[in-house]
Amino acid sequence: MAPQRRAATKAPEGNGAAERRNRSSTKKDRAPREVQRLWQRPWLRTAGLGAGLVLTALLLWSSLGADDGVAEVLARRGEVVAGRFIEVPCSEDYDSHRRFEGCTPRKCGRGVTDVVITREEAERIRSIAEKGLSLGGSDGGASILDLHSGALSVGKHFVNLYRYFGDKIQNIFSEEDFQLYREVRQKVQLTIAEAFGIRASSLHLTKPTFFSRINSTEARTAHDEYWHAHVDKVTYGSFDYTSLLYLSDYLEDFGGGRFVFMEEGANKTVEPRAGRVSFFTSGSENLHRVEKVHWGTRYAITIAFSCNPDHGIEDPAFL
């Protein structure tokens, strides 16, 4: 039979070991009380609360104003941009369409200016949008008013405001409204022609050219989902040059809603400012999107031009 192993005899605790255990227990008990006393000191409590408020503010700013992937601001709302232009290589999108020498983009890029349309003109143009959109409006967050075709968002659908409201239109708009609209369009057209070195007469206003009103209401139809990245030349084959005239101010009238040129690792964003004109060639060299609007209401007008006279449309005329 194998020999049995006897358990080692446990040595009796001496007074020294017991005292060490008691001291350790006392330290553990004392630690929470020390922390509590520290927190009760006014200066430390104030500092802690301040840090918490700063963190909360940063998180709030992140949710309302910041947007993942935006690496650089091309034009800030608070600055007045006399003229800023960035040239980028042209895409091949134009090769699948009929080319018009002296107009079809060979120089591509994007620009921003705050000195073409005054804030007073922007306010008057916005009033046209507000009057027209007061006749309807989408159930979702994005409403459209097209004075050329008459398209107006109403609920989940579109109606032709000229047919739908008939003679009432004369009580909504005025000849001065339409004259201002034409003058603004002409100024934007000249700006694009100068920036890209082409003749203004080679540019033809094209459809859709429209007002947009965007708020934070949840989307009801696909027409309300304005935030998806897209290429104008792909979406609308007639587009060669796109422009946007902003009619409200980022962080004053609305939050979110910035315009983002999407580039790998280095997105560029434009912060809307009433009277600011942003313009660009319409191919995939200028893939873009609009951030979701988190609060308030964002007004703008998209004005597009084609090099193909067959795609041209006339300015709207007062009835």
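Before any of the text, the structure's been laid out above.
Residues numbered from 1 in each chain as written. Predicted model: local features only at pLDDT ≥ 70, side-chain atom pairs only at ≥ 80, totals over all residues. Heavy atoms only, no water.

## Points about the state of the cysteines
Okay, so step 1: Taken as a whole, this structure holds two disulfides when the rule is applied.
Okay, so step 2: The disulfide partner of Cys90 is Cys108, and the S-S distance across this bridge is 2.0 Å. Between Cys90 and Cys108, the disulfide has an S-S torsion of 105° and is therefore right-handed. Remark: Cys108 occurs in strand 3 (residues 108–113) and Cys90 occurs in the loop between strand 2 (84–88) and strand 3; sequence separation between them is 18 residues. (Disulfide = S-S within 2.5 Å. Helix = DSSP H or I, 4+ residues; strand = E, 2+ residues; numbered from the N terminus.)

## Description of the pattern of salt bridges
Okay, so step 1: Inspection of the entire model under this criterion finds 20 salt bridges.
Okay, so step 2: Residues Glu120 and Arg124 are paired through a salt bridge, measuring 3.8 Å at the closest nitrogen-oxygen approach. Pair noted here: Glu120 and Arg124 are both in helix 3 (residues 119–133), with a separation of four residues, about one helical turn.
Okay, so step 3: A residue is classified by how much of its surface remains accessible, and Arg124, at 38% relative accessible area, is partly exposed.
Okay, so step 4: It is possible to trace a salt-bridge network through shared partners that takes in Glu72, Arg110, Glu263 and Lys268. (Salt bridge = Lys/Arg side-chain N within 4 Å of Asp/Glu carboxyl O. Buried < 20%, exposed > 50% of the residue type's maximum accessible area, 1.4 Å probe, protein only.)

## Regarding the packing of helix 3 against helix 5 (residues 175–196)
Okay, so step 1: Between helix 3 and helix 5, the least distance of the axes is 10 Å, while the angle of their chain directions is 125°. In terms of axis orientation, helix 3 runs oblique to helix 5. Regarding helix 3 and helix 5, the two cross each other, and that crossing is left-handed. Taken together, the residues of helix 5 that come into contact with helix 3 (itself represented by Glu121, Arg124, Ile125, Ile128 and Lys131) are Asp177, Leu180, Tyr181, Val184 and Lys187.
Okay, so step 2: Taken together, the residues that form the contact of helix 3 with helix 5 break down as five nonpolar, no polar and five charged. (Axes fitted to C-alpha atoms, helices over the stretch in contact; angles between N-to-C directions. Parallel < 35°, antiparallel > 145°, perpendicular 65-115°, else oblique. Left-handed = near helix turned anticlockwise from the far one by under 90°. Contact = heavy atoms within 4.5 Å. Nonpolar A, V, L, I, M, F, W, Y, C, P; charged D, E, K, R; others polar.)

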